[in-house]
Every structure is written in structure tokens, then in C-alpha cells.
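Chain residues, written in single-letter form:
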Amino acid sequence: MSANLGVIVLAAGMGTRMKSRLHKVLHPVCGVPMGIHVINAARELQPRTIAVVVGHQSEAVRDALGAPDVSFVEQTELNGTGDAVLRCREAMAGCDEVMVLNGDCPLITDELLGRLRDARIIRPLAFVSCAVADPGRLGRVLRDGAGDPVAIVEAADYDGADGPAEINAGQYVFDAAWLWRTLPAVPVSARGEYYLTHLVAMAAELGTPGATAPADAIEALGVDDRLKLAEAETAMRRRVLDRHMLAGVTISDPATTYIDAAASIETDVTILPNTHILGRSAISTGAVIGPETTLRNASIGDDTSVQNSVVEDSTIGARCAVGPFSHVRGGAVIGDDCQLGNYAEVKNSRVGPGVKMHHFSYMGDADIGARANIAAGSITCNYDGEHKHRTTIGEDAFIGCDTMLIAPVTIGARAYTATGSVVTRDVAPGETVAGVPARPFQRRSPAEESSA
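What comes next concerns the included structure. What you see is a predicted model, and the numbers here were worked out from it, not measured in a lab.

Bringing the sheet that holds strand 39 (residues 416–417) into the picture now. Backbone hydrogen bonds hold the strands of a sheet together, and the pairing may be parallel or antiparallel. Within the open sheet, the twelve strands sit side by side as 12-15-18-21-24-27-30-33-36-39-41-42. Their pairing is mixed. Strand pairing shows two members of the sheet lacking a second neighbour, strand 12 (250–251) and strand 42 (439–440), which therefore form its edges. Note that strand 12 and strand 15 (residues 270–271) share two bridges and pair parallel. Paired with isoleucine 251 across the bridge in strand 15 is isoleucine 271.

So this is what it looks like as C-alpha cells:
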């Protein structure tokens, strides 16, 4: 742990250019809110404390970014970045070094932040800068003849020539004693706000200029509109894909593969084209996912294949075959060695190992024993118009084609329902039922059928 480092994340502003009801730092980039990307990068430095400054939509930001190692500081009036940082003085108690990060820069990395700290060394401050072709609304960095930064000029105050320029990216690190001594003297701007950027000029005027840490424009990208949000998404997606491929995952077509930042994928997994792996999905070794597949908060076991299907908030065991066109959802748990075929749907059910459910069937709110066979067209009628009811199917049971199981109902182990049965009562273990409604039926063996 860097016992002397404190980190402040600025997340109080309204972000009006996003034109959104959602707070700017909560917009997701590869499935993770921007602010969390920033906090995760800071965590890699093992700081003593992390404080997030909140204001606009304070409660929503707290709910989304809250964690045991994160505290929050309220900026009741949005009086600028200088005021926001000053409010964190108590939260930074005991820190010899204070890093200030913008919550809308999801592409920053811990490597960049490490370089930023290295750049400061004996200076009172350092900040990230980068060269861009069009500075737009960003503050421009001015340097003296020795190359030291002497000021950051906000776009509204700049009256020089247009064109390429060095800009301030909005990430800073300060000597804590210097910061708390100097920050109260920052002058108020024409807009009535206190800007952290004034500290760069103040350091130079005191004869102790700050330093800069250079970054690529994409790494320092601040997201303040939907165009930049899309730009950040594209860059982050490529990072995520590269990380998985270098770790031993085969991605046959990166251009059509979308993997969220929080997903985990083990070695020797193959991802085929037009696949989305979203949320906290986890895929184990040897699995083949895709093509045309969506996983959302799904757990996939070793050597399982999921083809042209959707798996949401559910777990699938090892050596299973899912799809094409299956849908597994609502907290379903599929055991090892199962087969879910085309147009099979499972919802909020526990499916034992070795179950076969090859096609055109629906099992909702069910508990299915090992090695049961669910034939085509079979469904659990789990909703009576007011309440959901469960169905239990025992081990090695055979559910014939077009069987309707009217829940709540239990089908015993090794029981058999004939084609077209409508089962309204429990079926005993080993019993055969048929008809509408289904009644016990003496089923003849294949030899007896042949003899007849």
C-alpha cells in the first residue's frame, strides 16, 4: 500500500452535454460505469484512501460507486474543481501526496498514473497533458522558455491561434502540504468558480513550476458527450479483446465480438463471430461460445458449447451442448453433460446432470432429476394467472412429446408420460400416464408391441 497517497475522484458535475437523465460518470463503457473504471485504475496504486466528490444525483452516484475502500464527500454547491478538492482535506488526512482524477476519463490506466507520480518527484505538482489536433473545449498548456508549464488557459479565455496544441487532461498529483497551503488562495473565476488549473500558474509564480506526464490523446479522453462515449467504448473494447487473446483466448473475429470489462474468460476458450459476453459472465476452459450468442451474467462450465443462443443470469455446467436457439434465464442452473437443443427454454429451474431437452420445449420453475428426457413440445404450465408454481421431475423420467405439466405437480423417478398428456396430478415413481387429463396407463414393452 502507498501509505502516503490519497486519491480524489471528481464526480459532482452535471454533465449537461451528455443530454441524459443518467449522471455522466454512470454511463457504462464496456458494461462498467465510467467512474468505476477510474476508481479501478487508482486502486492499482494501493492508495491509503479514495474519496469521490458527489453533488448532482448524489445518491445514484453513491449507490453505483460505493465500495468498502471508497468514501464520499458532498459538494453542495458546484463551485468548481478547486472547491471540490478543498472539501476533501479532512478525507485526505495523513496523506503526503494527493492525486485528483476526473470521473469521466475511463481510459486512464494505472501505468499512466504511475508515470504521473514519477513526474512530480520533488515538484509541488504534476498533471497529465497530451498533444491534440483540435483542443476544442479543453484547457491549453502554456510553457516558458525552459519548457516548464506556467499556466493552463481555459478554452473560454484563450484568444490565440487555432490548431494543434498541448492540452490539460485533468489528472493531477500534488504534494499534500503544498496543496492545502496554496489551494485556499486560488482566485475566483469570472464564472464565480474556483479552478484547480490556477494552481499551475501559482506554482510557476512561486518559482517552483510543476511537471507534466505525457499521454496519448485516447488514454486521456474525457467523455462529455455521446460521440466521445462511443469513442471510449471502441477503445476500451479493443483493450479488453487484446487482454483476453494475449491470455490464451481464441477470438475468431474481434470486429464482431463484444466482451464487457468485468467478464472473466479462461484459457483455451473459443469465441466465434457476432457474440456478446456481458456483465460478469465467466467462461471456463475449453468452452466454445457462438456464433450469434449472448451471455449476460452467465457462468459456463468446462468444454461446454453455446451456439446461437441466449444465457442470462444462469449457470451451465461442464460438457453441455446448448443451442442452436436456446434461451436459459432467470437464475437457471444446468448440470453437467446436459443437452438443450433448438428452441429449448429454461427459466428459474434446476436441471440435473445428463438431462436431454432437445427441442421445442419450455421448463419454467422446475426441478429436473438426472438423466430425465424432455421430449419435443413439452412444457411446464407454471403460472395460474396469479401465482407461479413449481414442477418436480424425478431422475430418469421420460416426458413425452407435447406433454403439459400443470404445476404444482410431481413426476416420480422413472415415470413416463405418453404423447399429448395433460398431467394435473402427481405421477408415482415408475408409473406411466396418458390422456387428457392424464391417467395411469399400462404401457406395453416394445416386444409386446411387435407381437401385437
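Taken as a whole, this structure holds 20 salt bridges when the rule is applied. Residue glutamate 166 is joined to arginine 143 by a salt bridge in which the shortest nitrogen-to-oxygen separation is 2.7 Å. Placement of the pair is glutamate 166 in strand 10 (residues 165–175) and arginine 143 in strand 8 (residues 140–143), with a sequence separation of 23 residues. A relative accessible area of 34% places arginine 143 in the partly exposed class. Among the ionic pairs, arginine 238 bridges to aspartate 242, the shortest N-O distance being 2.9 Å. Here arginine 238 and its partner aspartate 242 are both found in helix 7 (residues 226–246), four residues apart, which amounts to about one turn of the helix. Residue classification places arginine 238 among the partly exposed residues on the basis of a relative accessible area of 41%. Look at aspartate 242 and you get partly exposed, because its relative accessible area is 30%. Residues joined in a network through salt bridges with shared partners are Arg17, Asp224 and Lys228.

Take the environment of valine 38 next. Turning to its location among the elements, valine 38 is positioned in helix 1 (residues 34–43). Along the chain, valine 38 and glycine 94 lie 56 residues apart, while their C-alpha atoms are 22 Å from each other. Every residue in contact with valine 38, bar those within four places of it in the chain, is listed here: Val9, Leu101, Asn102, Gly103, Cys105, Pro106 and Ile108.

This brings us to the pairing of strand 31 (residues 361–364). Remark: a regular strand shows side chains that alternate across the two faces of the sheet. Here strand 31 shows two buried faces, one formed by Ser361 and Met363 and the other by Tyr362 and Gly364. By the bridge criterion, four bridges tie strand 28 (residues 344–347) to strand 31 in an arrangement that is parallel. Paired with alanine 344 across the bridge in strand 31 is serine 361.

Scoring rules and cut-offs
- Residues numbered from 1 in each chain as written.
- Predicted model: local features only at pLDDT ≥ 70, side-chain atom pairs only at ≥ 80, totals over all residues.
- Heavy atoms only, no water.
- Pairing = 2+ DSSP bridges.
- Helix = DSSP H or I, 4+ residues; strand = E, 2+ residues; numbered from the N terminus.
- Salt bridge = Lys/Arg side-chain N within 4 Å of Asp/Glu carboxyl O.
- Buried < 20%, exposed > 50% of the residue type's maximum accessible area, 1.4 Å probe, protein only.
- Contact = heavy atoms within 4.5 Å.

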